[in-house]
Structures are given as C-alpha cells and as structure tokens.
There are 2 protein chains.
Amino acid sequence: MNDGLSIVFLIYDGLTPLDFVGPFEVLSRLPGARTTVAAPRRGEVSVAGGKLTLVADAAISNINAADVLVVPGGPGARTLMHDAAVTAWTRDIAAKARFVASICTGSLILGGAGLLKGEDATTHWAAKPLLEQWGAKPVDARIVERGNVFTAAGVSAGIDMALLLAARIAGDDVAKAIQLRIEYDPQPPFDCGSPAKAGTEIMRLARDLTG
Amino acid sequence: MNDGLSIVFLIYDGLTPLDFVGPFEVLSRLPGARTTVAAPRRGEVSVAGGKLTLVADAAISNINAADVLVVPGGPGARTLMHDAAVTAWTRDIAAKARFVASICTGSLILGGAGLLKGEDATTHWAAKPLLEQWGAKPVDARIVERGNVFTAAGVSAGIDMALLLAARIAGDDVAKAIQLRIEYDPQPPFDCGSPAKAGTEIMRLARDLTG
C-alpha cells in the first residue's frame, strides 16, 4: 500500500534537532519508506546553536517531488520563511505531495510559502503571533490536521503528530507498532509542557533560556 | 551553580537517533552546558540503518573526563557492548563523572563496561534478557535512578529521563522551563507505548518492524 513512499525532511542551519528527529524516528520506520534529508545546500548543516552537525543527503534544488514533505522548526525558520528559493521549493513540493507536515516554527516556512492563508494551524507557543502574520489562524492544539496539511506545536509535538500521520498513511496498527517500538509511553517528571500548565514563573524562566 | 557543566554524548554507527537527540535537546539547554558529541572515530557517523548521518566532534580517545556521560542505544550497541576500547573508555569516564545516563540499549554498553553488576536498571523492552547477561537486574520502569546512574527504557524514554536528570543537576524550575520550551506536553494518538498496554498483536507487528 505504501511501497516506495518517499518522505523528504527539510533541514537547515538553526534547526532544533528534536523537531526533525522525532518525526524522522517515527516516519522512517513506515514499511516501504524511502527518506531523504534535504537542505538548501547538500552536506553539513549546523543545528542546535552550533552544538550539533547533521549531514544533508541532497540539496533541495535536486528534489522535485515527495509523497510526504516534513518541515521542522528552529530559530533558523525565522530566516528561511523569507527565503524565496526555500519557500518556492516548499510550495512546489507541497502542491504535489500526499501529505505536508510542519513541526514547531516549521509552520512559519509553510506560511512563507503561502500554504496556510486562512487556514487553522499550530506552532510553538512563542511563535503564534508570527504565524498570524502569514494569514494563518493559530489554534491552541498540539496537532492540527486540515486536509493533507498537519501542523504540530513546539519541538516534541512532532512525535505525536508523526504517529497520527503514520496512522493516516499506513493504518492504526502500524502506527501503534511504531509507537511501541520507540516505547513512546511518555511519563514526564513534571506537568508543565504547555503555557497553560506551566504558570507565569516557569514561563518567564523558559523565555530566558537560550535555544 | 552548573557553570561549565561538560556533557559528553557517545554516538556510533547503528545508533537510534531519537535515543540521542531527545536527551541532547533537553540537556544542551541547561545553563552553562558545554556539550561534546563523541564517537569511536571523529567525523561522520551513520545512524538509523544508514538513513541519517551525524557528525562526531571528537574521538572518544581525545575525551578524558565529563561531568555527565550520556550513552544512547540502537542496534549498534549490541556490537559496542563487546568493544574493549569503548567499554574501557566508558568505565573510565563514568568513574569520574557526576552523572552517567543510558537510554534504551545504551544500558548494554554500561553493562559491558561492568557498571551495572548487581544493579537495578532498565532498557528497551526487547533487550531485557541481554541486560541480565551483564549482571544487571532489569526493572519494569521507564526511568531507573540508582545513585548517580540513570537508565531509561526504549528510545523516547530518554526525554523523560533527561528532564529528571536536568532537575537533579539544575533544580526543578530549570527542568520545568526546559520542558515548557520543548513543549513536552505529550498527547500520543494511541495508548500502546509499552508491551503491557499494546497487547500481543501489536507486539508481533512491532517485532517485525525493522530498525
């Protein structure tokens, strides 16, 4: 059913690595998945404020189509959302894709590509005003699914989103098996993963953290 | 308080990327953290069955100490747990570290280093018999904290473990702020992230999945 499913992940300087690797870990396990890690330029990509280096298999100029396009976020997205080459490529690939997904501020790149005008979407809690600038209607939700476009909230939300997307692509049982395989039975030590739960003092601390 | 905290992550061919990147995303945000991504050899490291390439900043032979040593898992751990150079290095760094942490089958490398003899520990659900071979006492828990050694269950459990470790290092409020920053308010689409919850049919499917 999903034989030869091509999944393209956009990575770039200033990416938040978990935005990318969470969904990669889920979606690359789909039976028949062929993943490509693409960047504006092929080769080394500096992420996490220069603390980690990833390697892009391909330049986006060499990618003409994908069944699934995944756009993670990170501080670099605030630059890329204005990059004409990246947004034109995103628009072109998205137009032909079966599914398009963003994580965190990856939604800003979809926004820059004109894909979210008038649409419900989510993003990192700190980036909602920016998302609105692209004409999207920010929703307080961990995952927003509208047609074939999935947007996820900040960073770790990509794992939840990717499992839902895996279910849409390959059925619930395959998604459940992937969830078990990555032992995703979350037990966070604190219940403060959203602004509503965290309170003002933790919000202030979180805004002061770098990255 | 934790100024200049050195955190060394061991990566290697055959790593499961989320095992590494989950904790990296959490711990690299600690105030004063200086992270090093180390591997048996410096340079490119092939992970996720060859689907992703990471870059190691340093060879382990050039790392003599760490405040925190983090050992993620993956299929390659079943080879590395028998690698004398890696296990001797792990034992040496662990002996001087403030904290030692493993994720998933990273615990097998700690086991190979002789660090878990007679100790309670956890690992990926599929790897518990192997952990026992190293003299550890496998516990059904997402995180096991014994003294300064933390072991986490499979893959995604590293995020929960790293938040707890962050709290031990820098206090609950900093850990909570990191949790909010990465918006870790998990909402998995299914409740099947552990063998007990998944049932036999999903277990069978999960065992058949590659990776």
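Structure shown above.
What comes next is a walk through the structure.

What counts as what
Sequence order sets the numbering: in each chain, residues are counted from 1 along the sequence as written. Written order decides the labels, with chains lettered from A and ligands numbered from 1. Per-residue local features are limited, in this predicted model, to residues with pLDDT of at least 70; the limit for side-chain atom pairs, both in listing and counting, is 80 or more; totals at the level of whole chains, interfaces and linings are taken over all residues. Working from all heavy atoms in the structure, the side-chain values ignore hydrogens and water. Helix and strand labels come from DSSP, where a helix needs a run of H or I of at least four residues and a strand needs a run of E of at least two; each type is numbered from the N terminus. Buried, partly exposed and exposed residues are distinguished by accessible area as a fraction of the type maximum, computed with a 1.4 Å probe on protein chains only: under 20%, between the cut-offs, and over 50%, respectively. Here a polar contact means two N or O atoms within 3.5 Å. Within protein one must be a hydrogen donor candidate and the other an acceptor candidate, and residues neighboring in sequence count only if both atoms are side-chain atoms. Contacts are residue-level and defined by heavy atoms, with any inter-residue pair within 4.5 Å sufficient. The copies were overlaid by least squares, fitting only the C-alpha atoms of residues that reach a pLDDT of 70 or more in each copy. Each reported salt bridge corresponds to a side-chain nitrogen of Lys or Arg within 4 Å of a carboxyl oxygen of Asp or Glu. Each Phe, Tyr or Trp ring, with Trp reduced to its six-membered ring, pairs with another whose centre is within 6.5 Å; inter-plane angles below 30 degrees give stacked pairs, above 60 give edge-to-face pairs, and intermediate values give tilted ones. For two strands to pair, DSSP has to find at least two bridges joining them. Lines fitted to the C-alpha atoms define the axes, with helices restricted to the stretch that makes contact. Angles between their N-to-C directions range from 0 to 180 degrees.

## Section: the side chain of S107(B)
Residues and elements named next belong to chain B.
Here is step 1: Relative to the assigned elements, S107 resides in helix 4 (residues 106-112).
Here is step 2: Using a relative accessible area of 0% as the deciding quantity, one classes S107 as buried.
Here is step 3: A polar contact of 3.0 Å, which involves the side chain of S107, links it to the side chain of T123.
Here is step 4: Ignoring sequence-local partners within four residues, the contact set of S107 consists of S102, L116, T122, T123, L131 and T151.

## Description of the relation of the copies chain B and chain A
Here is step 1: When chain B is fitted to chain A, the best match, at an RMSD of 0.0 Å, comes from turning it 180° and sliding it 0.0 Å along the axis. Both copies are brought into coincidence by an operation consistent with a two-fold rotation axis. The rotation axis passes nearest to the C-alpha of L54(B) in chain B, at a distance of 2.3 Å.
Here is step 2: The share of interface residues of chain B whose copies in chain A are also at the interface is 100%, consistent with both copies meeting through the same surface.

## Quick notes on the pattern of salt bridges
Here is step 1: Applying the stated criterion to the full structure yields 20 salt bridges over all chains.
Here is step 2: As a salt-bridge pair, R146(A) and D120(A) come within 2.8 Å of each other at their nearest N and O atoms. A residue pair is termed long-range when its members are at least 10 positions apart, and R146(A) in strand 10 (residues 143-146) and D120(A) in strand 8 (residues 120-121) qualify at 26 residues.
Here is step 3: Among the residues examined, R146(A) registers a relative accessible area of 38% and is labelled partly exposed.
Here is step 4: A salt bridge links K197(A) to D185(B), with the shortest nitrogen-to-oxygen separation between them at 2.7 Å. Here K197(A), found in helix 8 (residues 195-198), pairs with D185(B), found in the loop between helix 7 (172-181) and helix 8 (195-198), and the two come from separate chains.
Here is step 5: Look at K197(A) and you get partly exposed, because its relative accessible area is 41%.
Here is step 6: For D185(B), a relative accessible area of 12% puts it in the buried group.
Here is step 7: Several salt bridges share partner residues, and in doing so they unite D185(A), D191(B) and K197(B) into one network.

## Quick notes on the packing of aromatic side chains
Residue and element names in this part refer to chain B.
Here is step 1: For the structure shown, the criterion picks out 8 aromatic pairs over all chains.
Here is step 2: Between F9 and F20 the ring centres are 5.6 Å apart and the planes differ by 70°, which places this aromatic pair in the edge-to-face class. Here F20 lies in helix 1 (residues 17-27) and F9 lies in strand 1 (residues 5-10), a separation of 11 residues in the sequence. Both residues of the pair, F9 and F20, belong to the buried class.
Here is step 3: Pairing F99 with F150 gives two aromatic rings, centres 6.0 Å apart and planes at 70°, and the pair type is edge-to-face. Placement of F99 in strand 7 (residues 99-103) and of F150 in strand 11 (residues 149-152) is noted, with a sequence separation of 51 residues between them.

## Details of the sheet that holds strand 5 (residues 58-59) of chain A
All names here are of chain A.
Here is step 1: Strands sit in the order 5-2-1-6-7-11-10 across an open sheet of 7 strands; the sheet is mixed. Each edge of the open sheet carries a strand with a single partner, namely strand 5 and strand 10.
Here is step 2: Summarising the sheet, strand 10 and strand 11 (residues 149-152) pair through 4 bridges and their orientation is antiparallel. In the sheet register, E145 faces strand 11, and the bridge partner there is F150.
Here is step 3: Relative to the sheet, helix 3 (residues 84-96) contacts strand 1 (5-10), strand 6 (68-71) and strand 7 (99-103), its axis offset from that of strand 6 by approximately 145°.
Here is step 4: Against the sheet, helix 6 (residues 157-170) touches strand 1, strand 6, strand 7, strand 10 and strand 11, its axis set at about 170° to strand 7.

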